[in-house]
Amino acid sequence: MSQQEIEVILSRHLAEYLAMPIFIVNPAGDLIFYNEPAEAILGTRYNETGSMPANEWATNFKPTDHDGNAIPPEKLPLIVAIKHHHPAHKIFWIHGMDDTMREIEVTALPLIGQANRFLGGIAFFWERSRK
Amino acid sequence: MKVTFWGTRGSLAAPSPETVRYGGNTSCISVEGGDGTVLVLDAGTGIRSLGHYLPSNINRVNILLTHLHMDHIQGLPFFMPLRRAGVEIHIWGPASTTLTLDSRLQKYLSPPLFPVNVRDLSANLHFHELPGHIIEIGDFSIQAQLIIHPNPTIGYRIECAGTSLTYLPDHEPALGSRSFPNDREWTSGYRLAEGSDILVHDTQYTDDEYQTRIGFGHSSVRHAFQFASLTGVKRFVPFHYDPTHNDDDLDRMFKNAIETFTPSCKVIPAQEGLSLETGC
């Protein structure tokens, strides 16, 4: 297996030490790492799933808007960040694997490394409420 | 390729009767190809002696800098070929996010830190920024990738006729990692070192010293041996010794590490004047 870029490795190290849920995706949008707090949202463990294709993780937790309408993957902040190479922010609901509905606030950033290399994206989640 | 060690020390030169075997000069290695190509890895104080060893009619030298910390560039203005008109000196190294390699080097190579400005040197200087594409110089094919060390720092893998040398003099692959040394995909430097014939790697600290220097960008001897094992290299050359470690300390550190880790690769601690040959 090929080694990740150094900026991505350091991002993962940071994510492993933070208490807020964090996703890291590669330039194709595949989820290459999520930390322990994010495991609670996804309802799966990184050590068990490894990386996940974009169309899998983006639909697994059933994102919906405040009216209950499904949000397509291309409207999710992390996908917007890597597709358009700019920050994205959104508040929406997810249905976790633990059968809990969570209202989350997500800020996503593209990861731009040394020499302006585009390396993927990172998203920070914040739980606002649940039901 | 012929690999010769001109400076093995890290952080600060440490000349002393107690460091004569391993050496007191800071990082510098020459790599000579069968076609006469000369690569210089880092420009620590060891580069001064290298400048006197190279033939006076040499017309091109390639200096590959891993980063611009002082122990890796301090010898540069004392490198004799830089003072010879007509010699082409190509300097490769990392830019920062806001400054070019040239500008970063000029911070040191200008008053008041140094009396001579870089543009006043006689040789023809060419600067090349990394990381980027694979570099082809003579018979050598060179990969340059970022590795974990404070400020942009590059590791090199130099290949020639099917053999390879990996140079990671300042490297802390264990930093912040919960999976080191068991996860190749998430280990800094793995891609550069995998299966290399010769790995030259940071061994700055003892285990105890490392505990109070986490994040300084260097490896303990333990971490270096574990990295060599993970990457499956054939010859492992410990390098970049802490200035407080004398010859007896280093003898003891490597003897203990070899007994503890029983590495499958050959361990050859770097010493000033040591030459290794491999492949082309």
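These figures come from a predicted structure and were not determined experimentally. (Residues numbered from 1 in each chain as written. Chains lettered and ligands numbered in written order. Predicted model: local features only at pLDDT ≥ 70, side-chain atom pairs only at ≥ 80, totals over all residues.)

Participant: Lay out the overall build of chain A with the relevant residues and their values.
Facilitator: Within chain A one finds five helices and five strands. Its helices and strands in sequence order give chain A the pattern α-β-β-α-α-α-α-β-β-β, from N to C terminus. Taken against the 2.2 N^0.38 rule, which gives 14 Å for 131 residues, the C-alpha radius of gyration of chain A at 14 Å falls within 12% of a compact globule. Buried residues in chain A amount to 37% of all 131 residues. Once local pairs closer than 6 in sequence are excluded, the contacts in chain A between residues at least 24 apart make up 46%. (Helix = DSSP H or I, 4+ residues; strand = E, 2+ residues; numbered from the N terminus. Rg over C-alpha atoms; globule rule 2.2 N^0.38 Å. Buried ≥ 20, exposed ≤ 12 C-beta atoms within 10 Å, placed from the backbone. Contact = placed C-beta atoms within 7 Å.)

Participant: Explain unusual backbone geometry to me, using residue names and the numbers behind them.
Facilitator: Residues P111 of chain B and P112 of chain B are joined by a peptide bond in cis, for which omega reads 5°. Following the sequence through the fold, P112 of chain B ends up in the loop between α2 (101–108) and β6 (124–130). Cis geometry is found at the peptide bond from F180 of chain B to P181 of chain B, where omega equals 5°. The backbone of A115 of chain A shows a phi angle near 60°, a positive value even though the residue is not glycine. Structurally, A115 of chain A is set in the loop between β4 (101–112) and β5 (118–130).

Participant: Describe in detail the interface of chain B and chain A, supporting the description with residues and values.
Facilitator: Facing 18 residues of chain B, the contacting portion of chain A comprises 13 residues. Looking at the side of chain B that touches chain A, its residues break down into eight nonpolar, six polar and four charged. (Nonpolar A, V, L, I, M, F, W, Y, C, P; charged D, E, K, R; others polar.)

Participant: Kindly report on the environment of T278 of chain B, identifying the contributing residues and their values.
Facilitator: Tracing the backbone shows T278 of chain B in the segment after β14 (275–277). In this structure the C-alpha to C-alpha distance between T278 of chain B and V267 of chain B, which are eleven residues apart in sequence, comes to 15 Å.

Participant: Quick rundown of the packing of helix α5 (residues 221–231) of chain B against helix α6 (residues 247–261) of chain B? Include the residues and the values.
Facilitator: All names here are of chain B. It is the contact of α5 with α6, at a shortest axis distance of 10 Å, that shows an interaxial angle of 45°. Classified by the angle their axes make, α5 and α6 are oblique. Crossing geometry of α5 relative to α6 is assigned as right-handed. Where α5 approaches α6, its residues V221, F225 and S229 are matched on the opposing element by M253, A257 and F261. Of the residues that constitute the contact of α5 with α6, the class distribution is five nonpolar, one polar and no charged. (Axes fitted to C-alpha atoms, helices over the stretch in contact; angles between N-to-C directions. Parallel < 35°, antiparallel > 145°, perpendicular 65-115°, else oblique. Left-handed = near helix turned anticlockwise from the far one by under 90°.)

Participant: Describe in detail α2 of chain B, supporting the description with residues and values.
Facilitator: Residues and elements named next belong to chain B. Those residues of α2 not exposed but buried are L101, R104 and L105. Burial along α2 is one-sided: seen end-on, the buried residues are contained in an arc of 95°. Facing away from the buried side of α2, by more than 90 degrees, are the exposed residues S103 and K107. (Arc of directions from axis to C-beta.)

Participant: Describe in detail the sheet that holds strand β1 (residues 2–7) of chain B, supporting the description with residues and values.
Facilitator: Residue and element names in this part refer to chain B. Read across the open sheet, the seven strands follow the order β6-β5-β4-β3-β2-β1-β14; overall the sheet is mixed. Of all strands in the sheet, those bounded by a partner on one side alone are β6 and β14. Each strand of the sheet is rotated relative to its neighbour by a mean of 20°, with strand direction disregarded. Judged from the three bridges that link them, strand β3 (residues 38–41) and strand β4 (residues 60–64) form a sheet pairing that is parallel. Bridged to L41 within β4 is L64. (Pairing = 2+ DSSP bridges.)

Participant: How would you sum up the sheet that holds β5 of chain A? Please name residues and give values.
Facilitator: All names here are of chain A. The antiparallel open sheet is built from five strands, whose spatial order is β2-β1-β5-β4-β3. Each of the sheet's edge strands pairs with one partner strand only, and the pair in question is β2 (31–34) and β3 (88–95). Averaged over neighbouring strand pairs, the angle between their axes works out to 25° when direction is ignored. Sheet analysis places strand β1 (residues 22–25) next to β2, joined by three bridges and oriented antiparallel. Pairing of I24 across the sheet is with F33, part of β2. Taken strand by strand, helix α1 (residues 6–17) contacts β1, β2, β4 and β5, and its axis lies near 165° from that of β1. Helix-sheet contacts for helix α5 (residues 77–84) involve β1, β3, β4 and β5, and the interaxial angle to β4 is about 15°.

Participant: Go over the pairing of strand β5 (residues 88–94) of chain B with me, naming the residues and quoting the values.
Facilitator: Residue and element names in this part refer to chain B. Counting buried residues in β5 gives five out of seven residues, a clear majority hidden from the surface. Sheet topology places β4 next to β5; five bridges connect them, and they run parallel. Opposite V61, over in β5, you have I89 as the bridge partner. Across seven bridges, β5 lies against β6 in parallel orientation.

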